[in-house]
Amino acid sequence: MGGGLGVRWKVHGDGRVPAPGAVVRPDERLSWPRTAGLGAQHVVAMFGASFVAPVLMGLDPNLAIMMSGLATMLFLLATRGRVPSYLGCSLSFVGVAAAIRGQGGGSATVTGAILVVGAVLLLVGLAVQKFGAQIIHAVMPPVVTGAVVMLIGFNLAPVTASTYWPQDQWTALLTMLLTGLAVVCLRGFWSRIAIFLGLVAGYLMSWAFDTLFGRIHSPDASGRTVDHWRLDLSGVGRADWFGLPSVHGPDFSWSPVLVALPVVIALVAENAGHVKAVGEMTGDPLDDKLGTAIAADGAGSVLSTAFGGPATTTYSENIGVMAATRVYSTAAYWAAACFALLFGLCPKFGAVVAAIPGGVLGGITVILYGMIGLLGAQIWINNAVDMRNPLNLVPVAAGIIIGVGGVTLKVTDDFELGGIALGTLVVLTGYHALKALAPPHLKTQQPLLDEGTSGYDEPS
């Protein structure tokens, strides 16, 4: 029975070091001490983004880390141990959380909206499992998926500009520069945790500036301009070493749900890319597990948000660790999930995370939000989407400006669409409507605009 659930592993070789050129497959493991060490490495790799996400969303980081461990266990059981992956906290919902809170919603409203998205993702996964991956490509072609990912990232720009950066602009600037250097200049495993290293550097800088210069006169987290410490560790001293994280139930409302639903497109694209990458690395094509992986991710998000945590998603940081170590054992992910559970039971750890200064978050999010948005452009590039074709250009151009600019459409006195939700709706429905009405020659994906618009791309 254990083998059927993917929780039994053969020892690889002597259990110490893989032979040159060999890989440790998902159903194999090294010795348990080495497996535990690899699990700890996976925790460090996912840690940076996984604790940034709940902080940016106003949720409990202790609960988020704990639920990521439980969601990972659920994912490994659902995929029968064939898809080695860690379900960390999704950054795709940061903009959604900011938009919902901007409309007056609280944490329960945020998690309620995200829970619905997780349930929809679960249903999408079941549909893919039954009908095949072609339904994803039919409904969400790369031109649509890339546009939605882009507007989700760029929609976050005002959050950085108006909330985080003004709290301490010089720390924000230095943190941005150091994080950028870490992302570009570091190699191997260290490059995978560059965001985390940038946060640590900003944390230490804020402490040093408080020591050298005293309090800063600037907006605080509530937006009031007052004298305040950059780094306030008073909550750390009051926090216990051991205790259960705070939980709360979700609250459901139509408007926040509609704001959050477009993220389903980004999550499906993310899961598909990760499953494909893992299949290529392990040499075991996982197309038959794509639907299961998407459904398991949705189930993990439902589980997390039901208790007040953020949504979960597969993490490319951990895929990078596997590529570097050539160890694809799911036993290491079980070890990582157990470590995450232990972190979640330490309130003092959560207090340290919650104390991250706003200026530090400003420097990190300038890069992080932009990277999320530019992943959309990467989807276009990888799939050779031609933006000189008006069939692609028109709905994408309109949807991105609506999403990034915060354009709203008032439907009734009590209901309006705007931002991410309206932008996604315009891209998705606009593309399919125009494709149905367009003449055949526009569907060939050939460049149809004035040739002068692309002449600069050609070598002189």
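What counts, and where the lines are drawn
- Every chain is numbered independently, its residues counted from 1 as its sequence is written.
- With pLDDT at 70 or above as the cut-off, local features in this predicted model cover only qualifying residues; side-chain atom pairs require 80 or more to be listed or tallied, and sums for whole chains, interfaces and linings still use all residues.
- The side-chain numbers reported here are obtained from all heavy atoms of the structure, hydrogens and water having been left aside.
- Just to be clear on terms, a salt bridge is a Lys or Arg side-chain nitrogen sitting within 4 Å of an Asp or Glu carboxyl oxygen.
- Helix numbers and strand numbers start at the N terminus; a helix is a DSSP run of H or I with at least 4 residues, a strand a run of E with at least 2.
- The axes are straight lines fitted to the C-alpha atoms, using for helices just the contacting stretch, and the angles between their N-to-C directions are given from 0 to 180°.
- Throughout this description, any angle smaller than 35 degrees is read as roughly parallel, any larger than 145 degrees as roughly antiparallel, any in the 65 to 115 degree range as roughly perpendicular, and the remainder as oblique.
- Crossing chirality is assigned from the near helix's rotation relative to the far helix, an anticlockwise turn below a right angle marking it left-handed and a clockwise turn marking it right-handed.
- The contact definition used throughout considers only heavy atoms, calling two residues in contact when any of these lie within 4.5 Å.
- As a working rule, the residues Ala, Val, Leu, Ile, Met, Phe, Trp, Tyr, Cys and Pro are called nonpolar, Asp, Glu, Lys and Arg charged, and the rest polar, with Gly in that last group.
- Per residue, pLDDT measures the predictor's confidence, with a range of 0 to 100.
- A simple rule labels every residue: compare its accessible area, found with a 1.4 Å probe on the protein chains alone, to the largest value its type can have, and call it buried under 20%, exposed over 50%, or partly exposed in between.
- Here a polar contact means two N or O atoms within 3.5 Å. Within protein one must be a hydrogen donor candidate and the other an acceptor candidate, and residues neighboring in sequence count only if both atoms are side-chain atoms.

*Asks:* Explanation requested: the pattern of salt bridges in the structure shown.
*Replies:* Once the charged atoms of two side chains with opposite charge are near each other, the side chains can pair. Evaluation of the coordinates by the stated rule reveals 4 salt bridges. Asp27 serves as the salt-bridge partner of Lys10, at 3.9 Å between the closest nitrogen and oxygen. In this pair, Lys10 sits in strand 1 (residues 10-11) while Asp27 sits in the loop between strand 1 and strand 2 (28-29), placing the two residues 17 residues apart along the sequence. A network of salt bridges, in which partner residues are shared, links Asp168, Asp210 and Arg230.

*Asks:* Can you help me understand the packing of helix 3 (residues 94-102) against helix 4 (residues 107-131) in this one?
*Replies:* Think of two packed helices as two axes; the pair is described by the angle between the axes and how far apart they sit. Close contact between helix 3 and helix 4 brings their axes to 9 Å; oriented N to C, the two are set at 135 degrees. By the angle class used here, helix 3 and helix 4 are oblique. The hand of the helix 3/helix 4 crossing is right-handed. Only Ser107, Thr109, Val110 and Ala113 of helix 4 make contact with helix 3, whose side of the interface consists of Ala97, Ile100 and Arg101. Partitioned by chemical class, the residues of the contact of helix 3 with helix 4 number 4 nonpolar, 2 polar and 1 charged.

*Asks:* Before we go on, may I ask you to explain the packing of helix 4 against helix 14 (residues 290-306) in this structure?
*Replies:* Contact geometry of helix 4 with helix 14 gives a least axis separation of 7 Å together with a crossing angle of 160 degrees. As far as their axial angle goes, helix 14 and helix 4 are roughly antiparallel. By crossing handedness, the relation of helix 4 to helix 14 is classed as left-handed. Across from Thr111, Ile114, Leu115, Gly118, Ala119, Leu121, Leu122, Val124, Gly125, Leu126, Val128 and Gln129 in helix 4, the residues of helix 14 making contact are Leu290, Gly291, Thr292, Ile294, Ala295, Asp297, Gly298, Ala299, Ser301, Val302, Thr305 and Ala306. When grouped by side-chain class, the residues that make up the contact of helix 4 with helix 14 number 14 nonpolar, 9 polar and 1 charged.

*Asks:* Help me understand the confidence of the model for the protein chain in this model?
*Replies:* If pLDDT is low for a region, its predicted coordinates should not be looked at in detail. For the protein chain, mean pLDDT is 79; residues scoring 70 or higher make up 87% of the total. Per-element confidence in the protein chain is highest for helix 14, whose mean pLDDT is 91, and lowest for helix 9 (residues 188-192), whose mean pLDDT is 61. Confidence drops under a pLDDT of 50 for residues 446-460, and excluding neighbours within four residues, the segment shows 16 contacts in the predicted structure.

*Asks:* Help me out: how do you make sense of the environment of Ile65 in this one?
*Replies:* With respect to the element layout, Ile65 can be found in helix 2 (residues 61-78). Of the residues examined, Ile65 reaches a relative accessible area of 0% and is grouped as buried. When the C-alpha positions of Ile65 and Ala337 are compared, they lie 9.2 Å apart, and in sequence the two are 272 residues distant.

*Asks:* Before we go on, may I ask you to explain the side chain of Arg230 in this structure?
*Replies:* Looking at where Arg230 falls in the secondary structure, it is placed in the loop between strand 5 (225-228) and helix 11 (234-238). At 3.2 Å, the side chain of Arg230 and the side chain of Asp168 are in polar contact. For Arg230, the side chain forms a polar contact with the side chain of Asp210, separated by 3.0 Å. Non-local contacts of Arg230, meaning those with residues more than four positions away in its chain, are made with Asp168, Thr171, Ser206, Phe209, Asp210, Phe213, Gly214, Arg215, Ile216 and Pro357.

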